[in-house]
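Topology and contacts: notes
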Amino acid sequence: MDPYNILFVEDDEITLKVYERMIKKWGRPCKYELCTSIDQTKKTLAGSEFDVAILDYQLKDGDAFEILPFLKDIPVIFVSGMEDVAVAVEAMRKGAFDYLVKDFEHEFAHVLPLTIERAVSHSRMKAQLKETEERYADLFQNANDMIQSVNERGNFVHVNPAWLRKMEYTEEEARKLSFLDIIHPDHQEHCQDLFRQLLQGKEFKNVEVCFVTKSGKEIFVVGNIFCNLATPVSTRGIFHDITERKKAEGQLRESKRRYDLAVDAGQTGVMDFDLEAEKLYIDPKLKGLLGFEDHEMENTVRGWSSRVHPDDRRQSEEDLKNYIKGISPKYEHEYRMIHRDGSVRWLLARAQAIKDESGWVKRLVGTGTDITAQKRIQDQLKESQHELKSINENLESLVAQRTENLTRSNARLKNEIDKRTAIEKELEKSKEDYRGLFENAHDPIIIFDPKTEIVIDVNDRACEVYGFPQDEFIGMSLVRISKYPKEGEKHVKRVLKKGKRHSFETVQYKADGSEMYLEVSSSVVNYQDKQVILSINRDITERKRMESLIATERKRRLSAIIDGQEFERRRVSRELHDGLGQLLTAAKLRLRQASKYEVHESAEELLGDTREIIDLTISEVRKISYNLMPTVLNDFGLVAALEKMVDQLTDDATVKINFYSDVSFDRLPKDMEIGLYRIAQEAVNNALKYSKANKVDIQLDQSGSKVTLTIEDNGIGFIREVGVSSGTNGTGKGLYNMHERAELINGQFILDSEPGKGTLIRILTNLKRQKI
């Protein structure tokens, strides 16, 4: 419960005491200031902020109306010793929240706390409403999507700047339009039907429609529309421009049409063999070349091999194995195939290997072209040549006839070869386009617009990993799947600034809402004549889980080591105190007893020196025992232990050491007390040894469950990257130990130091994360 900060303006001592008693009995945490004059109130308001102000109407140096201009947005409650309706009306008109009469015999002391709570609550709700309205206005004004509001008559009520930019209208022109004025004629009937259903309370998502701008340009959009049935009734729509996506889809359809034409013209079909999954895909066109419908021939290696001519089957298998093993540099062979009608067809088979990172062939993509006609021509050519040889060279007429036949055959063959070469070139280009569009990658690949962060394209692997269908993924904002969208915006700016690959780690959501850690590699590329960002996202969730397990195990082991050290400190401390300390005390008593006897003057001096040495030794043993395990830490807690440590160090050192605490706890968890004490002990000792400081401040603060320990000196400082004090040969081991102890209590270790500017060490920890 946050405390109220209250300003009381009152010059009557009895009323001030009533206020103080009311605050004590209220039961709610409060901070308050008491002012007795207008001038004092103005000075107080200049340096402080308050949740509510209680003003006595009549003060010695004027009335409370003089204070109102200085209160700004602070809710004001006027109080007066008399009930004056005119004053009350004037106060309320000038912005007062309420007007109360100081009737101490009745309910004033009970009503005032309730009025204060209502005033503060009302003020906070007004602030929240203002903030919400500002956020909505900012979203409406700065959204990249088109936002519109249409009344029940179909006229535009509100449109945002993005709508006006894309539709090329001014705001005044837009208010004169009906929604049908911007709808393409082909879509108007459908949109009228949707509008009627909207007015009946229905809502629609992902509606695609074509808008027509003021200049006549067509814009394709997709959006969500719904109806606000409150008075006045209006429909709301949020639309995203997908014109570029529609163009890309049209280009893809045209590319596929060209590919199909090339395949049909070349009597060619496609085959795709996945060696890892042992799956074979046979294009329906390739099946059609053998006389089969798609469903009549199974997509298996056995089904395909059964159609290879028996005399060519063994050779075809051997050629394929040699290509996969790398013995043959390319795969391009001619085989005979058995048609469904039993006839023999010649097929030219070509294939391209797709290899994994280790160089193994994992997939074969190839084509099969019917070259039966070419083979027939070749056979005819051979037959013609044979006949030509058998004809008598003296029969010139026959020679001329055969020569003419041969010339025609050669012309036909050349024509067929030229056609085949042209088809093969077109087919090769189509294969490259096909490979570029449909090539699969192991990691998800997302292409998005860096300005809007809208997804433009994704590969199949992205849909598989994220769980979104492709039609939903494309057009989606990355904000929807980003756990840290603000960080994502910063990385986009870095990619655009660097202009080359930028790698980082982040967390994104899958379609089912689960989180996954990603290693993202992004770069700027040109896609469809537009600069976009191509992002390759590798799922490292499992790696992160293992790193977390390793860190937890390391923390457990480190905790066991430090627990062992603390146990050994306690044991050594007890041994020093109970063993060596007792022996030294006994020796001191014996020396004191010996001094009672008459001894030589030189022996008396020796006994005195010995007693002093034993006193110093006892003092040093006690100090060492206390430093090893201060009993005050176990008995009275961290604050008392730090106070004791400062007292001891102040007695021995020339450095001024200050300790400040602002905490509400009595005791902390044992591990947390020991950890914070050891960190403070290490930090102060380092400052005394190396910093050359003349002042060290120790600050222990608490805010709710958060506990902060700060040790700061004004010494020479050191270079943080090296961790070594300027002018010393330290190793930085002390800093490492402090960092490790902070981790063990789930705290954050902060170090700030520069040469010549002193050193600050701060530990931030939370009681909620401690094991009690």
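Sequence positions are assigned chain by chain, starting from 1 and proceeding in written order. Only residues with pLDDT of at least 70 are given local features in this predicted model, and only at 80 or more are side-chain atom pairs given and counted; all residues enter the totals for whole chains, interfaces and linings. Side-chain numbers here rest on the full set of heavy atoms in the structure, without hydrogens or water.

**Looking at the overall build of the chain**
Each helix and strand counted, the chain has 23 helices and 29 strands in total. When a residue's accessible area, from a 1.4 Å probe over protein chains only, is under 20% of the maximum for its type it is buried; when over 50% it is exposed; and in between it is partly exposed. A buried classification covers 39% of the 772 residues belonging to the chain. It only takes one pair of heavy atoms within 4.5 Å for two residues to be counted as in contact. Counting contacts in the chain only where the partners sit at least 6 residues apart, residues at least 24 apart contribute 52% of the total. Computed with the Shrake-Rupley method and a 1.4 Å probe, the accessible areas treat only the protein chains shown as cover for residues. Surface exposure of the chain reaches about 46900 Å², of which carbon and sulfur atoms provide 50%. For the purposes of this entry, the term helix denotes a DSSP run of H or I that reaches at least four residues, the term strand denotes a run of E that reaches at least two, and both are numbered from the N terminus.

**What about the layout of surface pockets?**
Cavity: a set of points on a 1 Å grid over the protein atoms alone where a 1.4 Å probe fits but cannot get out. Pocket: an open set with protein on both sides within 12 Å along at least five of seven lines, its lining residues, like those of a cavity, having an atom within 4 Å of a point. Grid points are joined across faces, edges and corners, and a volume is the space filled by probe spheres set on the points. Approximately 1600 Å³ is the volume found for the second largest pocket. Of all the elements in the fold, those that place two or more residues in the lining of the second largest pocket are α5 (108-142), β8 (146-151), β10 (204-212), β11 (218-228), β12 (234-241), α16 (470-473) and α17 (485-498). Among the elements that take part in the lining of the second largest pocket, α5 stands out by supplying seven residues, more than any other. Under the grouping applied here, Gly and all other residues not named as nonpolar or charged are polar, the nonpolar ones being Ala, Val, Leu, Ile, Met, Phe, Trp, Tyr, Cys and Pro and the charged ones Asp, Glu, Lys and Arg. Each residue belonging to the lining of the second largest pocket can be placed in one class, and the counts come to 17 nonpolar, 13 polar and 13 charged.

**Overview of the sheet that holds strand β14 (residues 279-282)**
A pair of strands is considered paired only if DSSP assigns at least 2 bridges between the two. One open sheet holds the five strands; their spatial order is β14-β13-β17-β16-β15, and the pairing between them is antiparallel. Among the strands making up the open sheet, the edge pair consists of β14 and β15 (331-338). The sheet shows a mean angle of 25 degrees between the axes of neighbouring strands, direction not considered. Sheet topology places strand β13 (residues 268-274) next to β14; four bridges connect them, and they run antiparallel. Within β14, the residue paired with Asp274 across the bridge is Lys279. Fitted lines through C-alpha atoms serve as axes, helices being fitted only where they are in contact, and the angles separating the N-to-C directions of these axes extend from 0 to 180 degrees.

**Considerations on the side chain of His240**
Tracing the chain through its elements places His240 in strand β12. Under the relative-accessibility criterion, His240 is labelled buried at 16%. In protein, a polar contact requires one atom able to donate a hydrogen and another able to accept it; more generally it is a pair of N or O atoms within 3.5 Å, and residues adjacent in sequence count only if both atoms are side-chain atoms. A polar contact of 2.9 Å, which involves the side chain of His240, links it to the side chain of Asp145. Not counting residues within four places of it along the chain, the set of residues in contact with His240 comprises Asp145, Phe220, Val221, Val222, Ile454 and Gly475.

**With respect to the packing of helix α22 (residues 670-691) against helix α23 (residues 733-744)**
The angle between the axes and the distance between the axes are what describe a pair of packed helices. Closest axis-to-axis distance for the α22/α23 pair is 9 Å, and the angle between their directions is 165 degrees. One finds that α22 runs roughly antiparallel with respect to α23. The two elements α22 and α23 cross, and the hand of that crossing is left-handed. Two secondary-structure elements touch here, α22 through Ile674, Gly675, Arg678, Ile679, Glu682, Ala683 and Asn686 and α23 through Gly734, Met738, Arg741 and Ala742. Across the contact of α22 with α23, the residue classes tally to five nonpolar, three polar and three charged. Throughout this description, any angle smaller than 35 degrees is read as roughly parallel, any larger than 145 degrees as roughly antiparallel, any in the 65 to 115 degree range as roughly perpendicular, and the remainder as oblique. Throughout, a crossing is termed right-handed when the near helix is turned clockwise from the far one, and left-handed when it is turned anticlockwise from it by less than a right angle.

**Quick word on unusual backbone geometry**
Its identity as a non-glycine residue notwithstanding, Lys72 has a phi of 55 degrees, on the positive side. You can see Lys72 is positioned in the loop between α3 (68-71) and β6 (76-80). Note on Lys72: relative accessible area 75%, which makes it exposed. A positive phi angle is found at Glu278, which is not glycine, with a value near 55 degrees. In this fold, Glu278 is placed in the loop between β13 and β14. On the basis of relative accessible area, Glu278 is assigned to the exposed category, the value being 67%.

**Observations concerning the packing of helix α1 (residues 13-26) against α5**
Where α1 meets α5, the closest approach of the two axes is 10 Å, and the angle between their N-to-C directions is 65 degrees. By the angle between their axes, α1 is roughly perpendicular relative to α5. Handedness of the α1/α5 crossing: right-handed. Contacts between α1 and α5 pair Tyr19, Met22 and Trp26 from the former with Phe108, Ala109, Leu112, Pro113, Ile116 and Glu117 from the latter. The residue makeup of the contact of α1 with α5, split by class, is eight nonpolar, no polar and one charged.

**Quick word on the sheet that holds β6**
The strand order β2-β1-β3-β6-β7 describes an open sheet built from five strands, whose pairing is parallel. The sheet is open, and its two edges are formed by β2 (30-35) and β7 (98-101), each paired on a single side. Across this sheet, the average inter-strand angle for adjacent strands is 20 degrees, counted without regard to direction. Relative to strand β3 (residues 52-56), strand β1 (residues 4-9) runs parallel, the two being bridged by four bridges. When the sheet's bridge partners are listed, Val9 is paired in β3 with Leu55.

**Some points on the environment of Ile6**
Note that Ile6 resides in strand β1. Sequence separation between Ile6 and Ile54 is 48 residues, and the spatial gap between their C-alpha atoms is 7.7 Å. The contacts of Ile6, once residues within four sequence positions are left out, are Ile23, Trp26, Cys30, Lys31, Tyr32, Glu33, Phe50, Val52, Ile54 and Ile116.

**Comments concerning the nonpolar core**
Each nonpolar core is a collection of buried residues, namely Ala, Val, Leu, Ile, Met, Phe, Trp, Tyr and Cys, held together in the definition by side-chain atoms within 4.5 Å. Leu676, Ile698 and Leu700 are the most contacted members of the largest nonpolar core, which totals 37 residues. Of all the secondary structure elements, the ones that give two or more residues to this core are α20 (631-636), α21 (638-652), β23 (656-662), α22, β24 (695-703), β25 (706-713), α23 and β29 (759-766). At nine residues, α22 tops the list of elements feeding residues into this core. Beyond its immediate chain neighbours, meaning those up to four positions away, Ile698 contacts Met645, Val646, Ile657, Asn658, Phe659, Tyr660, Val684, Leu709, Thr710 and Ile711.

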